[in-house]
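Here's the letter readout for the chains.
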Amino acid sequence: MENKYHITLVGSGMIGAGLAVNALMNGHPTIIYDVIDLEKVKKTVQDVLDIMVEAGAITGEKAAEAASLASYTNDLDAAVEKADFVQECVPERIELKQSIYRQIQEKRGDKVVICSSTSAIMPSVLQKDMLYPKKILVGHPYNPSYLLPLIEVCGGPDADQEVVELVMNIYRSMGKEPIYCKKETEGFIVNKLSWAAMDAAKKVVLDGVCSVEDIDKAIIYGPGMRMAVTGQIMTMSLGVQGGLKAAAAKYGKEPNEADIILGDGVDAEIAARPKEFGNIVEDVIKFRDKIFAVILKEYGKL
Ligand SMILES: NC(=O)c1ccc[n+]([C@@H]2O[C@H](COP(=O)([O-])OP(=O)(O)OC[C@H]3O[C@@H](n4cnc5c(N)ncnc54)[C@H](O)[C@@H]3O)[C@@H](O)[C@H]2O)c1
């Protein structure tokens, strides 16, 4: 089976069921393990498949095909017997997560890579005292995990880059878009960004500058739309003729370290984009405008 992995989901709540559906939709034989009644687990997974059909993400036929690749068990040893990859999605308790890793590694040795969905526990904490710490990483999804492709991978200070690369490839094969968090840091990457936005939003509202509704309108119809298509740094770069590196010169300043690192980074990012998304500035702008038109039509604004 080319690019197909035996994937096991441990825990089938909001996150586990969503990621199980991603694995199933991409043709991976997937086992879903939980400690609760398996009829309930099956229903949760089926509910997610139904949501995907209702959202227009997949057809009913594709959902049925995906469902046929799923199996369910209350036996952890059986769940991981053939697994190449385990995504752990149990509640946020270190001792619970570690007891599961211990059992899996006692059963499968170092043959299986385990990623934790944890939002806040650092990989080095999860790896501590485990039999094969380098085979335990964080793979943090973003809610709703069944639709949003983002996964933040963090392997901690002693990460084995080959294992990281394998994990990134497995996530890609599940239709996800993994990014790599090179250092352990609170909130990893994405919660840091969203906390900064939330802090600013709180301050603006509490300072009486505008209503709660206007904060959300501002994001939905302004920066949020731009960020959804061209991110943060690319958005700022597209706003300056010549890109970020030209910004300092425009205001008669020498570029500082951030101008250079972000400017070079964003130029490389644009050049590496698939052609159909635009890989020169003019084409990125055309692509962005096309997506804006799609979103604005859905909102009845066009
Ligand atoms: N909910 C979110 O928005 C979100 C986002 C990103 C990451 N996460 C992380 O994902 C993980 C799971 O979160 P969730 O929101 O899906 O939790 P949840 O409470 O919805 O689901 C947890 C599941 O784990 C099962 N479970 C409990 N003990 C178990 C055990 N010993 N073995 C197997 N299964 C067991 C439960 O029965 C339940 O189905 C947490 O670490 C959380 O921090 C959550």
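These figures come from a predicted structure and were not determined experimentally. Counting restarts for each chain, with residues numbered from 1 along the sequence as it is written. The predicted nature of this model means local features are confined to residues of pLDDT at least 70 and side-chain atom pairs, given and counted, to a pLDDT of 80 or more, with totals for whole chains, interfaces and linings taken over all residues. Only hydrogens and water are removed before side-chain values are computed, so all heavy atoms of the structure are retained for them.

Asks: Hey, could you run me through the overall build of the chain in this one?
Replies: Here a helix means four or more residues in a row that DSSP labels H or I, a strand means two or more in a row labelled E, and each is numbered from the N terminus. Each helix and strand counted, the chain has 14 helices and eight strands in total. With respect to the principal axes defined by its C-alpha atoms, the chain has extents near 65 × 45 × 45 Å. In what follows, residue pairs with any heavy atoms lying within 4.5 Å of each other are defined as contacts. In the chain, the share of contacts with a sequence separation of at least 24, taken over all contacts with a separation of at least 6, comes to 64%. As displayed, the chain has an accessible area near 16,700 Å², and 57% of this comes from carbon and sulfur atoms. Residue exposure ignores everything except the shown protein chains as possible cover, and the areas themselves are Shrake-Rupley values with a 1.4 Å probe.

Asks: Looking at this structure, I do not really get the pairing of strand 1 (residues 7-10). What am I missing?
Replies: Two faces belong to every sheet, and in a regular strand the side chains alternate between them. Residues I7 and L9 of strand 1 are buried on one face, and the alternating residues T8 and V10, pointing to the opposite face, are buried as well. Strand pairing is assigned whenever DSSP detects at least two bridges linking the two strands. One ladder, built from four bridges, connects strand 1 with strand 2 (residues 30-33); its direction is parallel. The partner of L9 across the bridge, within strand 2, is I32. A clockwise course of the path from the first strand over the helix to the second, judged with the strands pointing away from the viewer, identifies a crossover as right-handed. Handedness of the crossover joining strand 1 and strand 2 through helix 1 (residues 14-25) is recorded here as right-handed. For strand 1 and strand 4 (residues 85-88), the ladder comprises four bridges, and the chain directions are parallel. Residue pairing for strand 4: V10 is matched across the bridge by E88. Here the term buried applies to any residue with accessible area under 20% of the maximum for its type, exposed to any over 50%, and partly exposed to those in between, with areas from a 1.4 Å probe on protein chains only.

Asks: Got a minute to help me understand the packing of helix 2 (residues 38-54) against helix 3 (residues 60-68) in this structure?
Replies: In a pair of packed helices, the angle between the axes and the distance between the axes together describe the arrangement. What counts as an axis is a line fitted to C-alpha atoms, over the stretch in contact for a helix, and the angles between N-to-C directions run from 0 to 180 degrees. Running from N to C, helix 2 and helix 3 cross one another at 155°; their axes reach a closest spacing of 9 Å. The orientation of helix 2 relative to helix 3 falls into the category roughly antiparallel. Here the hand of the crossing between helix 2 and helix 3 comes out right-handed. Across the interface between the two elements, Q46, L49 and V53 from helix 2 touch G60, A63, A66 and A67 from helix 3. For the contact of helix 2 with helix 3, the residue count by class is five nonpolar, two polar and no charged. Angular relationships are summarised with four words: roughly parallel below 35 degrees, roughly antiparallel beyond 145, roughly perpendicular across 65 to 115, and oblique for the angles in between. Definitions for this section: a left-handed crossing has its near helix turned counterclockwise from the far helix by less than a right angle. A right-handed crossing has that turn clockwise. Residue polarity is assigned by list, with Asp, Glu, Lys and Arg as charged and Ala, Val, Leu, Ile, Met, Phe, Trp, Tyr, Cys and Pro as nonpolar; anything else, Gly included, falls into the polar class.

Asks: Explain the site of the ligand here, please?
Replies: By convention in this text, a residue qualifies as near a molecule or strand provided that one of its non-hydrogen atoms is within 4 Å of it. Among the 23 residues in the neighbourhood of the ligand, the closest are listed as I15, D34, E92, K97 and S119. N or O atoms closer than or at 3.5 Å make up a polar contact, with two conditions inside protein: a donor-capable atom paired with an acceptor-capable one, and, for residues adjacent in sequence, both atoms drawn from side chains. In this structure, an oxygen atom belonging to the ligand sits 3.3 Å away from a main-chain N or O atom of M14. Between the ligand and N143, the relevant distance is 3.2 Å, taken from an oxygen atom to a side-chain nitrogen or oxygen of the residue. Only helix 1, helix 5 (94-108) and strand 6 (136-141) provide two or more residues apiece to the shell around the ligand. A total of three residues in the shell around the ligand trace back to one element, the largest contributor, which is helix 5. Of the residues assigned to the shell around the ligand, the class counts are 12 nonpolar, eight polar and three charged.

Asks: It is not clear to me how the UniProt feature "domain: 3-hydroxyacyl-CoA dehydrogenase C-terminal" (unreviewed entry) in the chain should be interpreted in this structure. Could you clarify?
Replies: Under the present numbering, the feature "domain: 3-hydroxyacyl-CoA dehydrogenase C-terminal" (unreviewed entry) in UniProt falls on residues 187-256. Helix and strand shares over residues 187-256 are 69% and 0% respectively, and the end C-alpha atoms of the span are 27 Å apart. UniProt positions are given in the numbering used here, feature names are shortened, and annotations may be inferred rather than shown by experiment.

Asks: I'm lost on a nonpolar patch on the surface in this one. Help?
Replies: A patch consists of residues exposed above 30% relative accessible area that lack any salt bridge, with like charges linked at up to 9 Å and nonpolar side chains (Val, Leu, Ile, Met, Phe, Trp, Tyr) linked at up to 5 Å. By convention in these notes, a salt bridge is any Lys or Arg side-chain nitrogen within 4 Å of a carboxyl oxygen on Asp or Glu. Among the surface-exposed residues, I220, Y221 and Y299 lie close enough to one another that they form a single nonpolar patch of about 290 Å² accessible area. According to the relative accessible area criterion, Y221 is partly exposed, its value standing at 38%.

Asks: Any chance you could explain the UniProt feature "site: Important for catalytic activity" (unreviewed entry) in the chain here in plain terms?
Replies: According to UniProt, the "site: Important for catalytic activity" (unreviewed entry) feature falls on H140. In this structure, H140 sits in strand 6. H140 sits in the buried class, given a relative accessible area of 5%. For H140, the contacting residues outside a window of four places in its chain are S116, S117, T118, S119, L150, I151, E152, F188, V190 and N191.

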